[in-house]
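Each chain is listed here by its residues.
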Amino acid sequence: MAQFNKKKGRFNKLPAYRFTLLSKMIVFICSLIIFMLVFLGLYLNAKYSDTLAEQIGMRALNVAQSVSQIPEIKDAFHTENPSDVIQPIVESIRVETEAEFIVVGNTGGIRYSHPLEERIGESMVGDDNERALLNGESYISEATGSLGPSIRGKTPIFANDGEIIGLVSVGYLIDDVDMTIGTYVTDTWYWIMICVCIGVIGATFISLHVKKSIFGLEPEEIGRLYQEREAILQSIHEAMIAVDRKGYVTMVNYAASHVVNVDDRNVIGKHINELIAHTQLVEVLETGNSQFNQELQINKQSFIVNYVPVYDHDKLIGAVATFYNQTEIDMLAEELSKVKQYAEALRAQTHEFSNKLNTVSGFLQLDQTEEAIEFINKESKKQQKWIHFFIHSVKDTYVSAVLLGKLNRAHELGIKMTIFSNSELKTTLTEMQREGIVTILGNLLENAYDAVKKSNNDEQISIFFTDIGHEIVFEIEDSGPGIPEENVVNIFTNGFTTKEGAHRGIGLSLVQQILDQLGGEITLEASDLGGACFIIAIPKAKRIEGDHDDENAI
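These figures come from a predicted structure and were not determined experimentally.

Help me understand empty space enclosed by the protein in this model?
Rolled over the atoms, a probe sized like a water molecule indicates the empty space that remains. Enumeration over the complete set of coordinates arrives at 2 cavities of 30 Å³ or more. Quantified by volume, the largest cavity comes out at close to 120 Å³. As for the largest cavity, its lining consists of 13 residues, and the residues nearest its centre are Phe 101, Val 103, Val 125, Ser 146 and Arg 152. Those elements giving two or more residues to the lining of the largest cavity turn out to be β3 (101–106) and β5 (148–158). At 3 residues, the largest contribution of residues to the lining of the largest cavity is made by β5. Considered class by class, the residues forming the lining of the largest cavity number 5 nonpolar, 5 polar and 3 charged.

What am I meant to see in the state of the cysteines here?
Think of a disulfide as a covalent bridge from one cysteine sulfur atom to another cysteine sulfur atom. Using the criterion set out here, one finds 0 disulfides in the structure. Here Cys 195 stays free of any disulfide, with the sulfur of Cys 197 as its closest cysteine sulfur at 9.3 Å. Judged by relative accessible area, Cys 195 falls into the partly exposed class, the value being 38%.

Even after reading the chapter, I still don't get the environment of Thr 327, so can you show me in this structure?
If you trace the backbone, Thr 327 turns up in helix α10 (residues 326–365). Through-space distance from the C-alpha of Thr 327 to that of Leu 510 is 9.8 Å; in sequence the pair is 183 residues apart. The contacts of Thr 327, once residues within four sequence positions are left out, are Ser 302 and Gln 517.

Help me understand the environment of Cys 195 in this model?
Inspection of the secondary structure assignment puts Cys 195 in helix α5 (residues 174–213). Distance from Cys 195 to Leu 37, taken between C-alpha atoms, is 7.9 Å for residues 158 residues apart in sequence.

What's the story with the packing of aromatic side chains in this structure? I'm lost.
Under the counting rule described, the total for this entry stands at 8 aromatic pairs. Between Phe 35 and Phe 39 the ring centres are 6.4 Å apart and the planes differ by 20°, which places this aromatic pair in the stacked class. You can see Phe 35 and its partner Phe 39 sitting in helix α1 (residues 21–68), 4 residues apart, about one turn around the helix. Looking at Phe 39, the relative accessible area reads 55%, which means it is exposed. Their ring planes at 35° and their centres at 5.6 Å tell us that Phe 465 and Phe 474 sit as a pair that is tilted.

When you look at the sheet that holds strand β6 (residues 164–173) in this model, what are you seeing that I'm missing?
Neighbouring strands of a sheet are bound in pairs by backbone hydrogen bonds; such pairs are parallel or else antiparallel. Overall, antiparallel pairing links the 4 strands, which are arranged β3-β6-β5-β4 in an open sheet. A single partner strand is all that each edge strand has here, and the edge strands are β3 and β4 (139–145). Within this sheet the neighbouring strands show an average axis-to-axis angle of 30°, counted without direction. When β4 meets β5, the two strands line up antiparallel, connected through 7 bridges. Paired with Thr 144 across the two strands is Pro 149, which belongs to β5. Sitting on the sheet, helix α3 (residues 82–97) touches β3 and β6, and the angle it makes with β3 is about 150°. Along the sheet, α5 makes contact with β4, β5 and β6, crossing β6 at roughly 40°.

So what exactly am I meant to see when it comes to the pairing of strand β8 (residues 249–252) here?
Judged from the 3 bridges that link them, strand β7 (residues 239–244) and β8 form a sheet pairing that is antiparallel. Within the sheet, the bridge partner assigned to Ala 242 lies in β8 and is Met 251. Connecting β7 to the next strand, β8, in antiparallel fashion are 4 residues, including Gly 247 with a positive phi near 90°.

Looking at this structure, how should I read the side chain of Thr 322?
Within the secondary structure, Thr 322 sits in strand β11 (residues 315–325). When residues no more than four places from it in sequence are discounted, the contact partners of Thr 322 are Ala 239, Met 240, Ile 304, Val 305 and Asn 306.

Explain the sheet that holds strand β10 (residues 301–312) to me, please; I cannot follow it from the model alone.
Taken together, the 5 strands give an open sheet; going across it, the order is β8-β7-β11-β10-β9, and neighbouring strands pair in antiparallel fashion. What marks the edges here is a single partner per strand, and that holds for β8 and β9 (291–298). On average, each strand axis in the sheet is tilted by 25° relative to the strand beside it, whichever way the strands run. Bridge count for β9 against β10 is 6 bridges, and the pairing is antiparallel. If you follow Leu 296 over to β10, its bridge partner there is Phe 303.

Calculation notes
- Residues numbered from 1 in each chain as written.
- Predicted model: local features only at pLDDT ≥ 70, side-chain atom pairs only at ≥ 80, totals over all residues.
- Heavy atoms only, no water.
- 1 Å grid on protein atoms, 1.4 Å probe; cavity = no way out; pocket = protein on both sides within 12 Å on 5 of 7 lines; lining within 4 Å.
- Points joined across faces, edges and corners; volume = space filled by probe spheres on them.
- Helix = DSSP H or I, 4+ residues; strand = E, 2+ residues; numbered from the N terminus.
- Nonpolar A, V, L, I, M, F, W, Y, C, P; charged D, E, K, R; others polar.
- Disulfide = S-S within 2.5 Å.
- Buried < 20%, exposed > 50% of the residue type's maximum accessible area, 1.4 Å probe, protein only.
- Contact = heavy atoms within 4.5 Å.
- Phe/Tyr/Trp six-rings, centres within 6.5 Å; stacked < 30°, edge-to-face > 60°.
- Pairing = 2+ DSSP bridges.
- Axes fitted to C-alpha atoms, helices over the stretch in contact; angles between N-to-C directions.

Have a look at this one:
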């Protein structure tokens, strides 16, 4: 369809009407209702017409058979003027049965009775008497007689000896039958139209309710939202599982299917307890309260899980669980710990050299040049000694850097920290081994600093390391108070600590996790210095899953 544009002198094409879901549903449901009711009406009309015609035919035949058995009518055939006897009897029956006509005739087809008396004595019309007169049959027929088209019931009249002496024809005009059918059809279509109107109103209400239940969205909008939802859920790195009110799984994203090690298509509809044991989702569904940062073991992996209930208008309809890999969290904590250690080492060196520069400045201001030169040479020799040691004894620069930083940190804290001169680490480390050792040394030495500061003994820490044999071994001793025997079992448990303050109890747990990844082990002994002695053993040839540094692998 087009609309004429007066300014441009041409027709503009009107935008095509876009059928909405609401209009589609109304049109479809209404069309279906109308089609069904029209089909039903046509069927009922046809069925009623056939049934009524059959019933009228049977009524006509029954009346005809009854008339043929009246003795007076049979006897009248042997009189001189049969119509004088037959006409009054038959006419009274016709009026009583409301038949259009009842005609009694002889074997020659001459009428002895008729609704119109002037037609008595004339031949019967319709040419449908042979079956009754010749074969003695009783039957129903449709033919056009003197009164018009009619439905007839015909039966022979038998004498006492069994001879056919005449016939009876009872009929109802087809026009009267059609009038009766028309009255019924009018009533039927009247009620059908009422049903159609009710159906249209009902279809409109149903369509409005469906439209409201899907928030007024169109099918293509729902499809697009579904695709976007699936894309978002599947792209989320964290595992996510949703359940309904009874605990049956309704959604599993790609990450979660790997966590539970099943195909997400086979998970939907299963109860959550069949997939994950000891989950708190069922408890959340019972209480309706959220639970955060809960630890859970799945297929020998540790996860931090958050459980959140889902409400719809204050009605609990399900719950969602998100899973965070504990190893990834620990690796992030490890990276942050290394950054903190590097920053602490740089701060210690900066502070240490600031003190030394102030000392040199003081000598120069006092005009003590020789003392300043002697102090510089002394400090230079000390630094050169350590640098020379690390260059020749430790091949990995990261390990050298963390040890040098910790030496400066200990000196700043007033702690005597020594490294045995026969220590050496000439093995080429993989990336994972290097990062693990740096984190382990940082955590154990920080714990040693805290321990010796609490002790009344001389504040001493000693370190020995070697890679002779098949393992890399570190021994770290301190002069602290040591670890009570009752705490030895728990010191590597995450969150366990004897120190005051928040965010404690992580260091040794992290050390244990790193050693598990590296295939190493840690041993606790009593130190010759009076405190604790931690012995770390890491296999040199251990290939770590996920470590692809082929050049550094042993």
